[in-house]
Amino acid sequence: MSRLIHTLAALAVLGLAAGCSSAADVDEASVAGADSRRASPAADSPFWVDPASPAAQQIQMWRREGRAQDAELLRRIADEPVALWPAGEIDPTPTVRAATSAATAADRTAVFVAYNIPHRDCGQHSAGGAADADTYRTWIGQLADALGRAEALVVLEPDAVAHIVDGCTPAEYGAEREQLLAEAILRLKQQPNTKVYLDAGNPAWIRESSKLVEPLKRAGIANADGFALNVSNFQTNAATKQYGLRLSGDLGGKHFVIDSSRNGNGPLPGVWCNPPGRALGTPPTTDTGEAVLDAYLWIKRPGESDGTCEGGPAAGQWWPEYALALARNTGAR
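Definitions and cut-offs
- Residues numbered from 1 in each chain as written.
- Predicted model: local features only at pLDDT ≥ 70, side-chain atom pairs only at ≥ 80, totals over all residues.
- Heavy atoms only, no water.
- Helix = DSSP H or I, 4+ residues; strand = E, 2+ residues; numbered from the N terminus.
- Buried < 20%, exposed > 50% of the residue type's maximum accessible area, 1.4 Å probe, protein only.
- Contact = heavy atoms within 4.5 Å.
- Areas by Shrake-Rupley, 256 points an atom, 1.4 Å probe, with all protein chains shown as cover.
- Axes fitted to C-alpha atoms, helices over the stretch in contact; angles between N-to-C directions.
- Parallel < 35°, antiparallel > 145°, perpendicular 65-115°, else oblique.
- Nonpolar A, V, L, I, M, F, W, Y, C, P; charged D, E, K, R; others polar.
- Core = buried A, V, L, I, M, F, W, Y, C linked by side-chain atoms within 4.5 Å.
- Pairing = 2+ DSSP bridges.
- Phe/Tyr/Trp six-rings, centres within 6.5 Å; stacked < 30°, edge-to-face > 60°.
- Lys NZ or Arg CZ within 6 Å of the ring centre and 35° of its normal.

Caption draft 1: Local environment of the overall build of the protein. Regarding its fold elements, the protein presents 10 helices and 6 strands. With 333 residues in all, the protein has 60% of them scored as buried. Partitioning the intrachain contacts of the protein with sequence separation of at least 6 by distance along the chain shows that 71% fall at a separation of at least 24. Accessible surface, the protein as shown: approximately 12,000 Å² in total, 48% of it carbon and sulfur.

Caption draft 2: Structural context of the packing of helix α3 (residues 68–78) against helix α10 (residues 320–328). Relative to each other, α3 and α10 sit at 80°, their axes nearing to 8 Å. Classified by the angle between their axes, α3 and α10 sit roughly perpendicular to one another. Between α3 and α10, the residues in contact are Asp 70, Leu 73, Leu 74, Arg 76 and Ile 77 and Ala 323, Leu 324, Ala 327 and Arg 328, respectively. Its residues placed into classes, the contact of α3 with α10 shows 6 nonpolar, no polar and 3 charged.

Caption draft 3: Quick look at the nonpolar core. Core analysis: the largest hydrophobic core is formed by 51 residues, its most contacted members being Phe 112, Tyr 136, Leu 156, Leu 198 and Leu 216. The contacts of Phe 112, once residues within four sequence positions are left out, are Leu 84, Pro 86, Val 96, Ala 99, Thr 100, Leu 147, Ala 152, Leu 153, Val 154 and Val 155. Residues Ala 56, Ile 59, Leu 74 and Tyr 322 belong to the second largest nonpolar core, which totals 20 residues.

Caption draft 4: Region of the structure containing the sheet that holds strand β3 (residues 194–199). Pairing is parallel across the open sheet formed by 6 strands, whose spatial order is β1-β2-β3-β4-β5-β6. Across the chains shown, the open sheet's two edge strands, defined by having one partner strand only, are β1 (110–114) and β6 (293–297). On average, adjacent strands in this sheet sit at an angle of 25° to one another, irrespective of strand direction. Pairing geometry for β3 and strand β4 (residues 226–229), over 3 bridges, is parallel. The residue bridging Leu 198 from the neighbouring strand is Phe 227, located in β4.

Caption draft 5: Spatial organisation of the packing of aromatic side chains. Applying the stated criterion to the full structure yields 4 aromatic pairs. Between the aromatic rings of Trp 85 and Tyr 115, the centroid separation amounts to 5.7 Å while the plane-to-plane angle is 80°, which identifies the pairing as edge-to-face. Taken together, the residues span a long stretch of sequence, with Trp 85 in the loop between α3 and α4 (93–105) and Tyr 115 in the loop between β1 and α5 (133–147) at a distance of 30 residues. Between the NZ or CZ atom of Arg 67 and the centre of the ring of Trp 62, over which it lies, the distance is 4.1 Å.

Caption draft 6: Expanded view of helix α2 (residues 54–64). For α2, the complete set of buried residues consists of Pro 54, Ala 55, Ala 56, Gln 58, Ile 59 and Trp 62. In this structure, the buried residues of α2 make contact with α3 and α10. At the exit of α2 stands Gly 66, carrying a positive phi of roughly 85°.

See below:
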């Protein structure tokens, strides 16, 4: 898969917004109403677990329906920290503040994905994004203000740079996009405790990592904490890490993070959208064993559809049976 599809979901949960990667329309009421003390992230993870996630709500539903075994399996997703994708169509402030408040109370770091660049996903499954450059600047400013002084990590614009490189995004939008990304990094980095990782695709997409170097530089990678890889994809940790190390070397030792949410069984050749037989990957952690690899993260929300393929619902919608399959295919932790 060269294109990411994420959470364009209209869930009555913690609305998460993502795109060709993962979209999520986060409902601030569900976040604000969640008791952060109920979150129980893995001991080695500094990241916040959303106790009102789609997986957590599904567990409660299945327990009421007598599906206790399935509910228990789904804890493999619900008990882990997963990124939030604030919706681009609305002011992200209430959602982001609710999440950062809960994370701060739990002494954890909240993970977000900013996915609202104009001409997003070049008209594919997660098409959309801000109407124009000024609208995007306003939205990024609102997101940054809402982060405040909280400990936060932002993955910036999945697909945006790689779609410039592969030509999917029309050439006339390239310079503006790179400028908007560079400005977004600077704005987000004004928040004292926010880390920013600019998305850089995956090793099966832009196979020659050197092709990303100049576009990433023009997009302001020098001012970011690093880059993100494998968002909403299934490439193995080994392949992605090797790719990241090469790209890091070309960028003067820049750090990176890897989305390991669904790569436990690696990719399925020829199928990038809702491939069957996949499994959860390495749980979110900063214990990577590699100096420039800052974290394995669950950026794509496991169980949210990649799009209307392989029997799935629209991109970003919660698909409980796919989530259950991911959990079932994953060995006990």
